[in-house]
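Structural characterization, general
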Amino acid sequence: MTGRRDFLAQLGAFAAAATLDRDELHAAAEASQGPWDTSWLNRLAGAQFRVVFNASEVSDGDVLSHAASFFDDFNTVHGTTDQQTKPVIVFRRLGTPMSFNDILWQRYAIGEDLKIKDPNTHAFATRNVFWKPRDGASGWEVEMALEALQRRGLVSLVCNVAVGNWATQMARRYQRDP
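Residues numbered from 1 in each chain as written. Predicted model: local features only at pLDDT ≥ 70, side-chain atom pairs only at ≥ 80, totals over all residues. Heavy atoms only, no water.

Some points on the overall build of the protein chain
For clarity, the cut-off: A run of H or I in DSSP becomes a helix once it reaches four residues, and a run of E becomes a strand once it reaches two; helices and strands are each numbered from the N terminus. Burial here depends on accessible area, computed with a 1.4 Å probe over protein chains only, as a share of the maximum for the residue type. Under 20% is buried, over 50% is exposed, and the range in between is partly exposed. Whether two residues are in contact is decided by their heavy atoms, any of which lying within 4.5 Å being enough. Surface exposure here means Shrake-Rupley accessible area, sampled with a 1.4 Å probe, where a residue is shielded only by the protein chains that are shown.
On a plain count of helices and strands, the protein chain comes out with nine helices and three strands. Going from N to C terminus, the protein chain has its helices and strands arranged as α-α-α-β-α-β-α-α-α-α-β-α. In the protein chain, which comprises 178 residues, the share counted as buried stands at 31%. Considering only residue pairs separated by 6 or more positions, the protein chain has 63% of its internal contacts joining residues 24 or more positions apart. Carbon and sulfur atoms make up 51% of the accessible area of the protein chain, which totals about 10,900 Å².

Have a look at this one:
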């Protein structure tokens, strides 16, 4: 087996342990056969250590802490560089909005819907508070922002089904076409 196939097999085993749906496991195990962008797999090839985190709910961005800790702890324990470690976050189900841009957060009142406050204004967030840290933030707040983690090499994936479900839900709520 190739290294890529070994990794995909390990990914499938991890996914099973993370209680993914049977359909999702089946989809992850099949090779790309169409217009899907699977270039992220190539970004994993050179990494010695890889892990997948499932973001199926917002949980105040806990998954971002896990990804940052993976980078930092492997550096401390194994002396690795960020290039040798590749965390992957799969945003799905209730965690999907963490991947949405500020325009969607504002247009569809995602912060209000999810009861997420903006630390700058203390009002419901009208921007993706997980993408960039609050004004004047330092330390862990800066390090655990999606933008910073992606600069370090984080691979972010978003479930197509979950995005479709969110689009349908918002279209109904705001009486628009999905």
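There's more to say after this.
Thoughts on helix H9 (residues 160–174)
Basically, it comes down to this: Expected helix span is taken as 1.5 Å per residue step, with the number of steps being one fewer than the number of residues.
Here H9 spans 21 Å end to end across 15 residues, near enough to the 21 Å set by a 1.5 Å rise per residue. Next to the buried residues of H9 lie helix H6 (110–114). Two residues or fewer past H9, glutamine 175 is found with a positive phi of approximately 50°.

Re the side chain of lysine 86
Convention followed: Think of it this way: Lys and Arg go in the positive column, Asp and Glu in the negative one, and His and the chain ends go nowhere. Take a side-chain nitrogen of Lys or Arg and a carboxyl oxygen of Asp or Glu: if they are within 4 Å of each other, that pair is a salt bridge.
With respect to the helices, strands and loops of the structure, lysine 86 is situated in strand E2 (residues 85–91). Here lysine 86 is buried and forms no salt bridge, its nearest opposite-charge partner aspartate 82 lying at an N-O distance of 8.0 Å. Excluding residues within four positions of it along the chain, lysine 86 makes contact with Arg43, Leu44, Ala47, Phe49, Arg50, Val51, Phe70 and Gly153.

Points about the sheet that holds E2
We apply this condition: Here, any two strands with at least 2 DSSP bridges between them count as paired. Working convention: axes come from line fits to C-alpha atoms, limited for helices to the stretch in contact. Angles between N-to-C directions cover 0 to 180 degrees.
Reading across the sheet, the three strands line up as E1-E2-E3 and stay open at both edges, with parallel pairing between neighbours. In the strand order of this sheet, the two ends are held by strand E1 (49–55) and strand E3 (155–158), each with one partner. Each neighbouring strand pair of the sheet contributes to a mean axis angle of 20°, computed without reference to strand direction.

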